[in-house]
Amino acid sequence: MAEGKDFHVAVCGGGIGGLCLTIGLLRQNISCKLYEAAPAFAEIGAGVSFGPNAIQAMELIDPQIVRGFENCSTINGWPEKRDTWFEFRTGQAKGTRRGVLAATNTYVADVKTGGVQYVGQNSVHRAHFLDELVKLIPDEVPEFGKRLVNIEEKGDKMILAFEDGTSSEADAVIGCDGIKSRMREILLGKDHEAAHAVFSGKYAYRGLIPMETAVNALGDELARNPQMYMGHHGHVLTFPIEKGKTMNVVAFRTKLDGKWPEKDWILPSKKEDMTKDFMGWDDRVMNIIYLMEKCDVWALFEHLPSPTYYKGRLCLLGDAAHASTPHQGAGAGQAIEDAFILSNLLGQVASVADITRSFKAYDSVRRSRSQRVVTTSKEAGCLYEMEDEEVGSDLDKARENLLARYDWIWRNDLKAQLREAKNVMLNGSRI
Ligand SMILES: Cc1cc2nc3c(=O)[nH]c(=O)nc-3n(C[C@H](O)[C@H](O)[C@H](O)COP(=O)(O)OP(=O)(O)OC[C@H]3O[C@@H](n4cnc5c(N)ncnc54)[C@H](O)[C@@H]3O)c2cc1C
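Quick caveat: nothing in here was measured; it's all calculated off a predicted structure.

Asks: So, the site of the ligand: which residues are in play, and what are the values?
Replies: Taken together, 29 residues lie near the ligand, and Gly17, Glu36, Ser49, Arg126 and Asp319 sit nearest. Between the ligand and Glu36, the relevant distance is 2.6 Å, taken from an oxygen atom to a side-chain nitrogen or oxygen of the residue. Compared with its free state, where it exposes 1000 Å², the ligand has 85% of that area covered by protein. Mapped by element, the contributors of at least two residues to the shell around the ligand are helix 1 (16–27), strand 2 (31–36), strand 3 (47–49), strand 17 (293–302) and helix 11 (331–347). The class makeup of the residues in the shell around the ligand is 11 nonpolar, 10 polar and 8 charged. The residue makeup of the shell around the ligand includes at least three contributed by each of domain 1 (8–72 + 123–197 + 304–427) and domain 2 (79–122 + 199–302).

Asks: So what's going on with the sheet that holds strand 10 (residues 167–170)? Residues and values would help.
Replies: Where strands meet in a sheet, backbone hydrogen bonds hold them as pairs that are either parallel or antiparallel. Spatial ordering of the open sheet is given by 8-9-10, a layout of 3 strands whose pairing is antiparallel. The strands lining the two open edges of the sheet, one partner per strand, are strand 8 (148–154) and strand 10. Going across the sheet, the axis of each strand differs from the next one's by a mean of 25 degrees, ignoring polarity. Where strand 8 meets strand 9 (residues 157–162), 6 bridges bridge the pair, whose relative direction is antiparallel.

Asks: Please provide a residue-by-residue account of the packing of aromatic side chains, values included.
Replies: Under the counting rule described, the total for this entry stands at 20 aromatic pairs. Relative to Phe88, the ring of Trp85 lies with its centre 6.5 Å away and its plane at 40 degrees, an arrangement referred to as tilted. For Phe88, a relative accessible area of 0% puts it in the buried group. Considering the side-chain rings of Tyr309 and Tyr362, the 6.4 Å spacing of their centres and the 50 degrees angle between planes classify their relative orientation as tilted. You can see Tyr309 sitting in the loop between strand 17 and strand 18 (310–311) and its partner Tyr362 sitting in helix 12 (residues 355–384), a full 53 residues away along the chain. Relative accessible area serves as the criterion here: at 0%, Tyr309 is assigned to the buried category. An aromatic cluster is defined as three or more aromatic residues linked by ring pairs; in this entry it consists of Trp85, Phe86, Phe88, Phe239, Tyr384, Tyr406 and Trp410. Across the ring face of Phe278, the terminal group of Arg253 is positioned such that the distance to the ring centre comes to 5.6 Å. A cation over an aromatic ring shows up here: Arg372 above the ring of Trp408, its NZ or CZ 3.8 Å from the ring centre.

Asks: Before we move on, could you go through the nonpolar core and cite the residues and values that matter?
Replies: Burial of nonpolar side chains together is a common tendency in soluble globular proteins. Of all hydrophobic cores here, the largest spans 76 residues; its most connected members are Phe50, Phe129, Ile174 and Leu346. The leading source of residues in this core is helix 11, at 7 residues. Discounting residues that sit within four places of it in the chain, Ile174 has contacts with Val9, Ala10, Val11, Cys12, Leu21, Met183, Cys315, Leu317, Leu342, Leu346 and Phe359.

Asks: With reference to specific residues and values, describe the pairing of strand 10.
Replies: Walk down a regular strand and you will see the side chains alternate between the two sheet faces. Burial of strand 10 is one-sided: the residues Ser168 and Ala170 facing one way are buried, the residues Ser167 and Glu169 facing the other way are not. As paired strands, strand 9 and strand 10 are joined by 4 bridges and run antiparallel to one another. Bridge pairing in strand 10 links Ala161 to Ser167. In sequence, strand 9 turns back onto strand 10 through a hairpin of 4 residues, with Gly165 there showing a positive phi of about 90 degrees.

Conventions and cut-offs
- Residues numbered from 1 in each chain as written.
- Predicted model: local features only at pLDDT ≥ 70, side-chain atom pairs only at ≥ 80, totals over all residues.
- Heavy atoms only, no water.
- Near = heavy atom within 4 Å.
- Polar contact = N/O pair within 3.5 Å; in protein donor to acceptor, adjacent residues only side chain to side chain.
- Areas by Shrake-Rupley, 256 points an atom, 1.4 Å probe, with all protein chains shown as cover.
- Helix = DSSP H or I, 4+ residues; strand = E, 2+ residues; numbered from the N terminus.
- Nonpolar A, V, L, I, M, F, W, Y, C, P; charged D, E, K, R; others polar.
- Domains from an automatic or database assignment.
- Pairing = 2+ DSSP bridges.
- Axes fitted to C-alpha atoms, helices over the stretch in contact; angles between N-to-C directions.
- Phe/Tyr/Trp six-rings, centres within 6.5 Å; stacked < 30°, edge-to-face > 60°.
- Buried < 20%, exposed > 50% of the residue type's maximum accessible area, 1.4 Å probe, protein only.
- Lys NZ or Arg CZ within 6 Å of the ring centre and 35° of its normal.
- Core = buried A, V, L, I, M, F, W, Y, C linked by side-chain atoms within 4.5 Å.
- Contact = heavy atoms within 4.5 Å.

Pasting the structure below:
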């Protein structure tokens, strides 16, 4: 048990959220263990990008996270496009719902993050970033092969039961166990309508293209700088990762019947399905689809809003609390913001009796913001795919919407949010 604190925290799940939280708890001198279901820390071989708010949250948790991030992060290839988040243009000419024919390769908008500390796209290969986070956690903190199945309260303690038949105890448990969270089921009750994720109506092919190949096919500008190709019921995004050696691709389609019939959410993808899905898109998009390597298809699920992120001394963080579609590139960033606020609030707690108050304060500042990301992300997906009721395929309206869309996510004052949360903890209100 850490000096000055008479409590011990169990963190369940070692993705980006669980690792950032654990680093935060350690920096606050809080005794903790991290229980991960897999036999080792692992992330998929794809890219993930972070907005300025997410990088600021890393810095506030521990500047070493940002140093690790910088070791593996990639910025836009051209200095003059440094602060571009995505350049939006159309990638498809035909098939509008309202008879308005958007010309192919129409430039729609250059969305910039400008004016804040970390600008433009800042992306990493997920597995490389995870390696950097793991370096900041002492070997004795994580335990692997520990899939949480149940939690019982026994006296003052929480008893965690794992799938391998073992158990352990803690004073508080934080579920960072992702979109299929067992903790969420335990906290909300498995029959609660928000306990399980629901299909968002969209799926995505994810893959990588060696940068030289991408440059040959698309030219230097499009390959090395982040692009978003908009179309009807589909969109394709690309950005550089691995210090510009690789182009990351995510190609989205809408499932018009709104149903995902498979049990699995991630399946190996077949080139012929991908090609069929993007038939009729312009040459650049068809080239991207043709050249994508190591492809999987992902059904995109999301959570309905949870009425709470805590119950007693149980709490949810990251995707376990607010799994979102990826259309604003903001899900993992929310997990890191959560980790900053929660670790700092727990840092204010001196004894077990105060833990629930810290969870209440966390819930009061984090829930509305993170759930707004879920809602607006879904709307953004519709906007990119010309499905928005107001905007449709009107590209002027789309531009206006895009340029005003993201500032509230990127320019968040996280320190002010922590001050508010501390007020809730001390006085029961935000002011
Ligand atoms: C296609 C796609 C693209 C995306 N792109 C971006 C992007 O560019 N930017 C961005 O910010 N976000 C993006 N996201 C969202 C982002 O991936 C997630 O928000 C983020 O990874 C969530 O991290 P997490 O730690 O909460 O959960 P996870 O990464 O899911 O980690 C959960 C961990 O818990 C473990 N676990 C599961 N169950 C148990 C259990 N019962 N007991 C113990 N351990 C358990 C798992 O093994 C895993 O290690 C994207 C998502 C998708 C689907």
